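Take a look at the letters that make up each chain.
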Amino acid sequence: MNLKFGYRKRTDMEPDLVEPQHSFARRIISYLYTLHGGRYAGHLKVLIDRAFLPGLAYKYRQDSNAADKLLTCKSACLIVTTDTSPWYNKLDYKNAEYNVIKRSTLKFGSIFVNC
């Protein structure tokens, strides 16, 4: 899951990313991931960056920075395990990584996080 040629040449979607994209068509999307030291794994970031693409999750408006949300009427469930106690994660990290996925990724595509 990488950009083999950088941005110089189009990279085809890897087979292991096709299924996550198809799962966006379902009503409920579930994520189960682990935080280590308050951060989620880089592979999850790559999955998000490669799967939530323009035209699938959102579409920018012509001559505008605004985007139309294409994943309406969807909900997600984030299940997070961590090596840090929940109170410390909330107090010190302010649940930063959870909020990044919830607000910046899922909400941008209009997915409601319900658990």
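Further up the page is the structure itself.
Small disclaimer: the values here were computed from a predicted structure and weren't measured. Residue numbering note: each chain is counted from 1, following its sequence as written. For a predicted model such as this one, the threshold for reporting local features is a pLDDT of at least 70, and the threshold for listing and counting side-chain atom pairs is 80 or more; totals across whole chains, interfaces and linings nevertheless cover every residue. The side-chain numbers reported here are obtained from all heavy atoms of the structure, hydrogens and water having been left aside.

A. Structural context of a nonpolar patch on the surface. Patches in this entry comprise residues that are over 30% relatively accessible and not in a salt bridge; like charges within 9 Å are linked, as are nonpolar side chains (Val, Leu, Ile, Met, Phe, Trp, Tyr) within 5 Å. Using a 1.4 Å probe, accessible areas were evaluated by the Shrake-Rupley method; residue-level cover was limited to the displayed protein chains. The salt bridge definition used is simple: a Lys or Arg side-chain nitrogen within 4 Å of an Asp or Glu carboxyl oxygen. Among the surface-exposed residues, Trp-87, Tyr-88 and Leu-91 lie close enough to one another that they form a single nonpolar patch of about 370 Å² accessible area. Relative to the helices and strands, Leu-91 resides in helix α3 (residues 86–92). Only protein chains enter the area calculation, which uses a 1.4 Å probe; residues under 20% of their type maximum are buried, those over 50% are exposed, and those in between are partly exposed. By relative accessible area, which is 56% here, Leu-91 ends up exposed. Per the convention used, a helix needs a DSSP run of H or I reaching at least four residues, while a strand needs a run of E reaching at least two, with both numbered from the N terminus.

B. Geometry of the nonpolar core. Definition of nonpolar core: a set of buried residues of the types Ala, Val, Leu, Ile, Met, Phe, Trp, Tyr and Cys, connected through side-chain atoms within 4.5 Å. If you look at the biggest cluster of nonpolar residues, it comprises 20 residues, and the most contacted ones within it are Tyr-31, Tyr-33, Leu-44, Phe-52, Ile-101, Leu-106 and Ile-111. Elements that contribute at least two residues to this core include exactly β1 (28–36), α2 (42–51), β5 (74–82) and α4 (96–106). Apart from the residues lying within four places of it in its own chain, the contact partners of Ile-101 are Tyr-33, Tyr-40, Leu-44, Ile-48, Leu-78 and Leu-106. Any two residues having at least one pair of non-hydrogen atoms within 4.5 Å are treated as being in contact.

C. A look at the packing of helix α1 (residues 15–23) against α2. Lines fitted to C-alpha atoms define the axes here, with helix axes fitted over just the stretch in contact, and angles between the N-to-C directions of these axes take values from 0 to 180 degrees. As a packed pair, α1 and α2 sit with axes 10 Å apart at the nearest point and diverge in direction by 70 degrees. Taken together, the axes of α1 and α2 lie roughly perpendicular to each other. Considering the relative orientation of α1 and α2, their crossing is right-handed. From α1, Leu-17, Pro-20 and Gln-21 reach across to α2, where they touch Leu-47, Arg-50 and Ala-51. Three categories are distinguished: nonpolar for Ala, Val, Leu, Ile, Met, Phe, Trp, Tyr, Cys and Pro, charged for Asp, Glu, Lys and Arg, and polar for the others, with Gly belonging to the last. Among the residues making up the contact of α1 with α2, the classes are represented as four nonpolar, one polar and one charged. Angles below 35 degrees are treated as roughly parallel, those above 145 as roughly antiparallel, those between 65 and 115 as roughly perpendicular, and all remaining angles as oblique. Crossing handedness follows the turn of the near helix against the far one: under a right angle anticlockwise gives a left-handed crossing, and clockwise gives a right-handed one.

D. Molecular detail of the pairing of β1. Burial along β1 is one-sided: the face carrying Ile-29, Tyr-31, Tyr-33 and Leu-35 is buried and the face carrying Ile-28, Ser-30, Leu-32, Thr-34 and His-36 is not. Note on pairing: two strands pair once DSSP finds at least 2 bridges between them. Here β1 pairs with β5 via eight bridges, running parallel. Bridge pairing in β5 places Ile-28 opposite Ser-75. Inspection of the sheet shows β1 paired to strand β2 (residues 39–40) by two bridges, in the antiparallel sense.

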